[in-house]
Amino acid sequence: MNIAFFGECMVELSGQPLRRTFGGDTLNTALYLSRLGASRHLSVSYATALGVDNISRDMLSAWQEENIDTRLVRKLENKLPGLYLVETEPNGERHFHYWRNDSAAKFYFATDLSPLEQAIDNHEFDALYISGISLAILAEEAKATLITLLEKHRQHGGKVMFDNNFRPQLWTAKQAQYWYSQVLRFVDIALVTEDDDHKVWGNSDIVARCRMFGCEEVVIKRGCDPCKVVSHLQSAEPTVTYVAANQVEHVVDTCAAGDSFAAGYLAGRLTGADETQSAELGHQLAAIVIQHPGAIIPREAMSALL
Ligand code: ADP
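Computed from a predicted model, the values in this text were never measured in an experiment.

Student: Can you help me understand the pairing of strand β9 (residues 127–131) in this one?
Tutor: Along any regular strand the residues' side chains alternate between the sheet's two faces. Judged by how many residues are buried, β9 sits mostly within the fold: 5 of 5 residues are covered. Of the two faces of β9, the one holding Ala127, Tyr129 and Ser131 and the one holding Leu128 and Ile130 are both buried throughout. Two elements, β9 and strand β10 (residues 159–163), share 5 bridges in a ladder whose sense is parallel. Looking across to β10, one finds that Tyr129 is bridged to Met161.

Okay, structure coming up:
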């Protein structure tokens, strides 16, 4: 089973003194899925654009060390990766500052046919994963290119997974509504953070909306509360399952909680596990991730799941 991700990974500066790492929602999910997938016959490919600078090179080799296939990565000579700074107040509250308006990933579809489009044309992937952020960073024309890509992938029998991550710094709720409506027509599994859904759509019914657009399965993540999984959405009687989250006494950093949950859930669902088993794996991984600082935790910390 081959899964491709499209999105943006940025340089992260955090801590005192500042430390340079990297992160981004789709990359976090791709990386955790790659770790979980090694023993599950799952291979993960990440599509994005980077520069030709040393930091871009470091990122690329870090991904390769995680067994992520990087042949869909574009290297743009006149661009750099985006950057964010995490500022932590004495009381632990964190603020994120972004420099990403001119980042390489934004231009992935801007020139000739991209490696991802070629790969989809050649039916190279069983599944394709994007998030709201993958769309939000793109210019309007490139957003449309991405939607066409999803449609083509679907026509070839491929699966589409979508996480509704919403960043109000990148676009308005109204714009997100328009483009999420376009995406949801081609989505098989929607991973939805309840808070982000409310920011985009207000208090409307998530499940009814996903069903109306044609999704087959929706997972609603709700922090420490049980997640809600609704599957067989297009049948007369969809199945509703609630799966309790793991109890965590001391949360260190919730960064990448949703991203790692998604990786666990997909590691299950893409390899034949049912909804409950998959959500349990998602909760287990997320519970470990939030007990460590940063988005990407050491591999050893999750060895029980590998
Ligand atoms: P997001 O990070 O996308 O906002 P959530 O906050 O819903 O998503 O968290 C995603 C997952 O992380 C949850 O489904 C759960 O497995 C885990 N999680 C988050 N917060 C907690 C917590 N306080 N205790 C236990 N698990 C948590």
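Student: What is the right way to read the UniProt feature "domain: Carbohydrate kinase PfkB" (unreviewed entry) in the chain from this model?
Tutor: If you check UniProt for "domain: Carbohydrate kinase PfkB" (unreviewed entry), the listed places come out as residues 17–300 in our numbering. The span residues 17–300 is 38% helix and 20% strand, and its two end C-alpha atoms sit 25 Å from each other.

Student: What's the story with the sheet that holds strand β3 (residues 19–23) in this structure? I'm lost.
Tutor: Whether parallel or antiparallel, the strands of a sheet pair through hydrogen bonds between backbone atoms. Reading across the sheet, the 4 strands line up as β3-β2-β7-β8 and stay open at both edges, with mixed pairing between neighbours. At either end of the open sheet lies a strand with only one pairing partner, and these are β3 and β8 (94–99). Strand-to-strand twist across the sheet, computed as the mean angle between neighbouring axes with direction ignored, equals 25°. In this structure, strand β2 (residues 10–14) lies alongside strand β7 (residues 83–88), joined through 4 bridges in parallel fashion. When the bridges of β7 are listed, Glu12 appears paired with Tyr84. Helix α2 (residues 54–65) contacts β2 and β3 of the sheet and is inclined by roughly 60° relative to β3.

Student: I tried to follow the pattern of salt bridges on my own but got confused; where do I start?
Tutor: Any two side chains of opposite charge can pair, on the condition that their charged atoms come close. Tallied over the full model, the rule gives 16 salt bridges. The salt bridge partner of Asp253 is Arg94, with a shortest N-O separation of 3.2 Å. You can see Asp253 sitting in the loop between β14 (239–243) and α9 (257–269) and its partner Arg94 sitting in strand β8, a full 159 residues away along the chain. You can call Asp253 buried: its relative accessible area is 11%. Put simply, Arg209 and Asp197 hold a salt bridge, and the shortest N to O gap is 2.9 Å. Here the residue Arg209 occupies a position in helix α8 (residues 206–213), and Asp197 occupies one in helix α7 (residues 194–201), the gap between them amounting to 12 residues. Here Arg209 and Asp197 have matching classes, each one buried.

Student: Explain helix α5 (residues 140–155) here, please?
Tutor: One full turn of an α-helix is made of 3.6 residues, so residues set three or four places apart face in the same direction. Its 16 residues place the ends of α5 23 Å apart at the C-alpha level, agreeing with the 22 Å of an ideal helix rising 1.5 Å per residue. For α5, the complete set of buried residues consists of Ala142, Lys143, Leu146, Ile147, Leu149, Leu150 and His153. Looking straight down α5, one finds its buried side chains confined to an arc of 155°; they lie on one side. Opposite its buried face, α5 presents the exposed residues Glu141 and Gln155, each directed more than 90 degrees away. Contacts made by the buried residues of α5 are with β1 (2–6), α3 (115–121), β9, α4 (132–136), β10 and α6 (173–184). Just past α5, the residue Gly157 takes up positive phi, approximately 90°.

Student: Sorry if this is basic, but what is going on with empty space enclosed by the protein here?
Tutor: By rolling a water-sized probe across the atoms, one finds the places where empty space is left. Tallied over the full model, the rule gives 1 cavity of 30 Å³ or more. Put simply, the largest cavity is a space of about 70 Å³. If you trace the largest cavity, you find it lined by Phe162, Asn164, Tyr180, Leu184, Val192, Asp197, Trp201, Ile206, Arg209 and Cys210. Residue assignment for the lining of the largest cavity shows that the elements contributing at least two residues are α6, α7 and α8. In the lining of the largest cavity, the residues fall into 7 nonpolar, 1 polar and 2 charged.

Student: I tried to follow the layout of surface pockets on my own but got confused; where do I start?
Tutor: Of the pockets and cavities examined, the largest pocket occupies roughly 1,300 Å³. Contributing to the lining of the largest pocket are 44 residues, with Thr254, Cys255, Ala256, Ala257 and Gly258 lying nearest its centre. At the level of elements, α1 (25–37), β8, α7, α9 and α10 (275–289) are the ones that each hand at least two residues to the lining of the largest pocket. Residues belonging to the lining of the largest pocket are distributed by class as follows: 20 nonpolar, 12 polar and 12 charged.

How each quantity is defined
- Residues numbered from 1 in each chain as written.
- Predicted model: local features only at pLDDT ≥ 70, side-chain atom pairs only at ≥ 80, totals over all residues.
- Heavy atoms only, no water.
- Buried < 20%, exposed > 50% of the residue type's maximum accessible area, 1.4 Å probe, protein only.
- Helix = DSSP H or I, 4+ residues; strand = E, 2+ residues; numbered from the N terminus.
- Pairing = 2+ DSSP bridges.
- UniProt positions renumbered as here; feature names shortened; annotations may be inferred.
- Axes fitted to C-alpha atoms, helices over the stretch in contact; angles between N-to-C directions.
- Contact = heavy atoms within 4.5 Å.
- Salt bridge = Lys/Arg side-chain N within 4 Å of Asp/Glu carboxyl O.
- Expected span 1.5 Å × (residues − 1).
- Arc of directions from axis to C-beta.
- 1 Å grid on protein atoms, 1.4 Å probe; cavity = no way out; pocket = protein on both sides within 12 Å on 5 of 7 lines; lining within 4 Å.
- Points joined across faces, edges and corners; volume = space filled by probe spheres on them.
- Nonpolar A, V, L, I, M, F, W, Y, C, P; charged D, E, K, R; others polar.

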